[in-house]
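# Chains, contacts and geometry: an overview
Chain residues, written in single-letter form:
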Protein chains: 4
Amino acid sequence: MLEELKEKVFRANLDLVKHNLVIFTWGNVSGIDREKGLVVIKPSGVSYDNMKASDMVVVDLNTGKVVEGDLNPSSDTPTHLVLYRAFPEIGGIVHTHSTYATAWAQAGKDIPNIGTTHADYFHDCIPCTGDMTADQMAEYEKETGVVIVNRFKDINYVHTPGVLVKNHGPFSWGKDADEAVYNSVVMEQVAKMAFVAFSVNPETTMNPLLIEKHFNRKHGPNAYYGQKKK
Amino acid sequence: MLEELKEKVFRANLDLVKHNLVIFTWGNVSGIDREKGLVVIKPSGVSYDNMKASDMVVVDLNTGKVVEGDLNPSSDTPTHLVLYRAFPEIGGIVHTHSTYATAWAQAGKDIPNIGTTHADYFHDCIPCTGDMTADQMAEYEKETGVVIVNRFKDINYVHTPGVLVKNHGPFSWGKDADEAVYNSVVMEQVAKMAFVAFSVNPETTMNPLLIEKHFNRKHGPNAYYGQKKK
Amino acid sequence: MLEELKEKVFRANLDLVKHNLVIFTWGNVSGIDREKGLVVIKPSGVSYDNMKASDMVVVDLNTGKVVEGDLNPSSDTPTHLVLYRAFPEIGGIVHTHSTYATAWAQAGKDIPNIGTTHADYFHDCIPCTGDMTADQMAEYEKETGVVIVNRFKDINYVHTPGVLVKNHGPFSWGKDADEAVYNSVVMEQVAKMAFVAFSVNPETTMNPLLIEKHFNRKHGPNAYYGQKKK
Amino acid sequence: MLEELKEKVFRANLDLVKHNLVIFTWGNVSGIDREKGLVVIKPSGVSYDNMKASDMVVVDLNTGKVVEGDLNPSSDTPTHLVLYRAFPEIGGIVHTHSTYATAWAQAGKDIPNIGTTHADYFHDCIPCTGDMTADQMAEYEKETGVVIVNRFKDINYVHTPGVLVKNHGPFSWGKDADEAVYNSVVMEQVAKMAFVAFSVNPETTMNPLLIEKHFNRKHGPNAYYGQKKK
């Protein structure tokens, strides 16, 4: 069932290790088959060393029930499901505890858009969610998704494909699992550069026109970066 | 004698190198056989490159005397023994000079619990010990154990399996040598992220409810992370 | 056409990966044949993993038109061309988003010359350009070259072979592509050390005489570093 | 001539690369044969990739003249010679531009002794030299040695085997080339940890008694670290 997607999600999980975004079991990638309404996700607490494509767990988008797989799905599965339901254009989601992005999440701060590396992939600041209420913690993983979605009320989730969950860490997404991994690498790099930049100059800012320029070089109808023919 | 434990402790020592927690001879791992009252520990000042499982030294838990082995045990052995005696549930201990955890120890500061990465494995702050008196320095390694144990008077050592010895570096522990190594990796990662987070926002804190939530996802009767059946 | 230069530029692009200055497609190297008035440059948005020497694109120095190659040239090509036209002694140009140099660019600050590592290769501060006007952004990549050239009105581009483009990242150059790569490595290293040095001592400076001494050890008629006979 | 020492110095130079203390040609190691009054040192500006043991240059301790070798000796040779003459107990010297130690040198600050990692190998702060006068710069490399020696008027060079040359970088030494390399690794690690520690707590200090304790665990008549029999 969904062998191709399982393989893709499996490989995307291993890419997190390759890009030094996770140690031990501290991350997970999922991918969705929108037609079937099924999500493929990493099993919970399984080491990347021993994991096989067939260990990926298939979960129903709407009920959250395991449809196929002997292992428990990632404990963060309810967060992924809320995001897939709220953000119809995304096909893959990544969660890591990558060092610098997680540090910004622990700082409880949005990462301001102060560089073209950031603007090339994320239009706005990389937003940080607010505190959860005690009530929300009763359904912690589901509500993690809810606070993310709320934070994007006035932010376009396609143009800013990632978020910091306060005191926790980054989630990113994309049109598929690979793009979500790519965006998680960008977030970590952007978080590291912003840490250094604000240490050097706490008052630094970027001209909003430059953000538009760089974002539109790579996105939208007038994009001209890369090899895609217009 | 204790061949299996020697092999385990030997491999755990090498894991410190693999995880970039030690250079040269700057670290040691021990494991205990509680039934026999014997501790297996790395020899002192021996390079990881040439070390063999048979070089591990067997020491009596109560007397501290070498029971087997041609080499001197780690100079930190008296610290390990004090901890094994005071903390009956631990089976392995690790000491390193890993960069960021050691830097916090040199700063003389507890690492506040400001992130779920921390709360997943350490319930409280990672505490830093106080200064030793001149008298204590006469039996330095033993008294290092004593100041650690004193620091845990009001902290549960099972739920917070590590400490910073002021101006020195981290010790961690666990149910066996492997878990102690795991926790030493977590401490280093947590120390690095906290350094960055406080640089970005010196005032950051975490909601105590979130600490409970994350700690209990992985520990205690209602844990639901990973593949262990409840 | 220009097979040797293509090979050289191709290898210089791969050297950026080897020196950890780029991830994904975030960098480009070009080289020039001054006699023919032709520039060889990396194609836009192509991964370093699959790139071949024959993928390098040949562009006319004056018109900017592609003379040979099936792929689009780097989107930064107009910047390279402006620099080649304004700086007649350079034979190679590098652009990266290397972490620390980019962070200084995002901070919008010149990197002051506070060390001999810096002075050995860059006589002045590593200058940061100013903000672009809205008008300039209409021809963004060309104008990026213009703001760089303007910044060098009072700086000798041979003696200070690199610049930070504000909020964007570093460009460096040299007598050929290899030297431009070398200088990009130096810039990144200098940027990292300056970040740490100013964190330790925000007021630090260097005696201008020491700058002259070190720069002239390696450059000019009385250079005595290395193996070149005088 | 001195084949064994050449091999040893050659390997020590390569160890700098292995320990990530140098890139390109930015470092040098020398060793001395005290009986013959000859110093073996790395050639100037030669890449570590191509260097052979037979490329090492033999220099007369007193005259500074090349006694054997086709290549120019390191441009820092006069510094090494001053140190060998002033510090009779040392057998090897290392100079690098390692990142964190160089950053402290650029900051123009002594590295205070705030940790046992430091105290295990360096009894005092790692001192930073003062500014050179214009006159001294006329014989720059020789005078670099002079300012180092002056800085050690009240510091025991055997117990504190390294120094930061202001705005330049670290020199370290030891009983032979290998120990000098070892100490250069320690300096870099100590410099990195001190950078982080002072960022976390700018006021941190260490009890001087703890310095004595740790230093004497490894040095002097009552040392008990490692496998050397007392």
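In this numbering scheme, every chain counts its residues from 1 along its sequence in written order. As they are written, the chains are lettered A onward and the ligands numbered 1 onward, keeping that order. Per-residue local features of the predicted model are confined to residues with pLDDT of at least 70, and side-chain atom pairs are confined, for both listing and counting, to 80 or more; whole-chain, interface and lining totals are unaffected and use all residues. To obtain the side-chain values, all non-hydrogen atoms of the structure were used and water was disregarded.

Spelled out, the test is: UniProt positions are given in the numbering used here, feature names are shortened, and annotations may be inferred rather than shown by experiment.
As recorded in an unreviewed UniProt entry, chain A goes by the name L-ribulose-5-phosphate 4-epimerase, listed as coming from Prevotella pectinovora. You can read under Sequence similarities (unreviewed entry) in the UniProt record for chain A the words "Belongs to the aldolase class II family. AraD/FucA subfamily." Quoted verbatim from the Cofactor (unreviewed entry) heading of the UniProt record, the comment on chain A is "Zn(2+)".

### Focus on the interface of chain A and chain C
Basically, it comes down to this: In what follows, a contact means two residues having at least one pair of non-hydrogen atoms within 4.5 Å. Using a 1.4 Å probe, buried area is obtained as the accessible area two parts lose upon being combined, added over both of them. The salt bridge criterion pairs a side-chain nitrogen of Lys or Arg with a carboxyl oxygen of Asp or Glu, the two atoms within 4 Å. By the criterion applied in these results, polar contacts are pairs of N or O atoms within 3.5 Å in which, for protein atoms, one can donate a hydrogen and the other can accept it, and in which residues neighboring in sequence qualify only through two side-chain atoms. Numbering of helices and strands runs from the N terminus, with a helix taken as a DSSP run of H or I at least four residues long and a strand as a DSSP run of E at least two residues long. Residue type decides the class: Asp, Glu, Lys and Arg count as charged, Ala, Val, Leu, Ile, Met, Phe, Trp, Tyr, Cys and Pro as nonpolar, and the leftover types, Gly among them, as polar.
With 34 residues of chain A in contact, the opposing surface of chain C contributes 31 residues. Summed over both sides, the interface of chain A with chain C buries roughly 2,900 Å², with 57% coming from carbon and sulfur. Note that Arg 217 of chain A and Asp 76 of chain C form a salt bridge whose closest N and O atoms lie 3.6 Å from each other. Here chain A and chain C share 19 residue pairs in polar contact (both at pLDDT 80 or more) between them. Elements with a contribution of two residues or more to the side of chain A that touches chain C: α4 (116-119), α7 (177-200) and α8 (208-218) of chain A. When residues of the side of chain A that touches chain C are assigned to their parent elements, the largest contribution, 12 residues, is made by α7 of chain A. The residue makeup of the side of chain A that touches chain C, split by class, is 16 nonpolar, 13 polar and five charged.

### Points about the relation of the copies chain D and chain C
Quick reminder of the rule: Here the copies are matched by least squares. The fit uses the C-alpha atoms of residues with pLDDT of at least 70 in both.
Once chain D has been moved 0.0 Å along the axis and rotated by 90°, it coincides with chain C to within an RMSD of 0.0 Å. What the superposition gives is, in effect, a four-fold axis relating one chain to the other. Among all residues of chain D, the minimum C-alpha distance to the rotation axis is found for Ser 199 of chain D, at 5.4 Å. When the interface residues of chain D are mapped onto chain C, a mere 3% of them again lie at the interface, so each copy presents a different face.

### Quick word on the side chain of Glu 188 of chain A
Residue position: Glu 188 of chain A is located in helix α7. The contacts of Glu 188 of chain A, once residues within four sequence positions are left out, are Leu 21, Ser 98, Thr 99, Tyr 100 and Ala 101 of chain A.

### Considering the pattern of salt bridges
Inclusion rule: The classification of residues rests on relative accessible area computed with a 1.4 Å probe and restricted to protein chains. Under 20% of the type maximum is buried, over 50% is exposed, and intermediate values are partly exposed.
All told, the structure shown has 52 salt bridges over all chains when counted by the stated rule. Its salt-bridge partner being Glu 179 of chain A, residue Lys 175 of chain A comes within 3.2 Å of it at the nearest N-O pair. For Asp 33 of chain C, the salt bridge identified is with Lys 36 of chain C, shortest N-O distance 3.6 Å. Taking the relative accessible area as the measure of exposure, Lys 36 of chain C reaches 55% and is therefore exposed.

### As for the sheet that holds strand β7 (residues 169-174) of chain C
Residues and elements named next belong to chain C. The test is simple: Strands are treated as partners if at least two bridges between them are detected by DSSP. Inter-axis angles, ranging from 0 to 180 degrees, are taken between N-to-C directions of lines fitted to C-alpha atoms, where helices are fitted over the stretch in contact.
Spatial strand order, β4-β3-β2-β1-β5-β7-β6: seven strands in an open sheet with antiparallel pairing. Lying at the two open borders of the sheet, with one neighbouring strand each, are β4 (66-68) and β6 (162-165). On average, each strand axis in the sheet is tilted by 25° relative to the strand beside it, whichever way the strands run. Sheet analysis places strand β5 (residues 92-96) next to β7, joined by four bridges and oriented antiparallel. Looking at the pairing, Gly 92 lines up with Gly 174 of β7. Strands in contact with helix α7 (residues 177-200) are β1 (27-33), β5, β6 and β7; relative to β7, the strand with the most contacts, it is inclined by about 140°.

### A look at the relation of the copies chain A and chain C
Superposing chain A onto chain C takes a rotation of 90° combined with a translation of 0.0 Å along the rotation axis, leaving an RMSD of 0.0 Å. Each copy contacts the other with its own distinct surface, as only 3% of the interface residues of chain A are interface residues in chain C too.

### Quick word on the pairing of strand β6 (residues 162-165) of chain A
Residue and element names in this part refer to chain A. Taking every second residue as pointing to the same face, both faces of β6 are buried, with Gly 162 and Leu 164 on one and Val 163 and Val 165 on the other. Across four bridges, the pairing between β6 and strand β7 (residues 169-174) is antiparallel. When the sheet's bridge partners are listed, Leu 164 is paired in β7 with Pro 170. The hairpin turn running from β6 into β7, its antiparallel successor, is three residues long, and Asn 167 in that turn takes a positive phi close to 65°.

### Side note on the interface of chain D and chain C
Each partner contributes residues to the interface: chain D has 31 residues there, and chain C has 34 residues. Summing both partners gives a buried area of about 2,900 Å² for chain D against chain C, and 57% of it is carried by carbon and sulfur. Ranking the residues of chain D by area buried against chain C places Phe 24, Trp 26 and Gln 106 of chain D at the top, with a combined share of 21%. Across the chain D-chain C interface, the total number found is two salt bridges.

### Concerning the UniProt feature "domain: Class II aldolase/adducin N-terminal" (unreviewed entry) in chain A
The positions UniProt marks with the feature "domain: Class II aldolase/adducin N-terminal" (unreviewed entry) are residues 7-195 of chain A. Its end C-alpha atoms 35 Å apart, residues 7-195 of chain A is made of 37% helix and 17% strand.

### Looking at helix α3 (residues 99-107) of chain A
Residue and element names in this part refer to chain A. Here α3 lies mainly inside the structure; nine of its nine residues are buried. Within α3 the residues assigned to the buried category are Thr 99, Tyr 100, Ala 101, Thr 102, Ala 103, Trp 104, Ala 105, Gln 106 and Ala 107. Directly after α3, the chain includes Gly 108, whose backbone phi takes a positive value near 70°.

### Re the arrangement of the chains
Across the gap from chain B to chain C, with no contact made, the nearest C-alpha atoms are 11 Å apart. When C-alpha atoms are compared, chain A and chain D, though not in contact, are closest at a spacing of 11 Å.

### Notes on the sheet that holds strand β2 (residues 38-41) of chain B
Residues and elements named next belong to chain B. In spatial order, the strands read β4-β3-β2-β1-β5-β7-β6; together these seven strands make up an open sheet with antiparallel pairing. Unpaired on one side and paired on the other, β4 (66-68) and β6 (162-165) mark the two borders of the sheet. Adjacent strand axes in the sheet meet at a mean angle of 25° when their direction is disregarded.

### Side note on unusual backbone geometry
Leaving glycine aside, a negative phi is the common case for residues, and trans is the common case for peptide bonds. Residues and elements named next belong to chain B. The backbone phi angle of Phe 24 is positive, close to 50°, even though this residue is not glycine. One can find Phe 24 in the loop between α1 (3-18) and β1 (27-33). Positive phi, normally seen in glycine, also occurs at Asn 167, with a value near 65°. Structurally, the position occupied by Asn 167 is in the loop between β6 and β7 (169-174). Accessibility expressed as a relative area gives 1% for Asn 167, which makes it buried.

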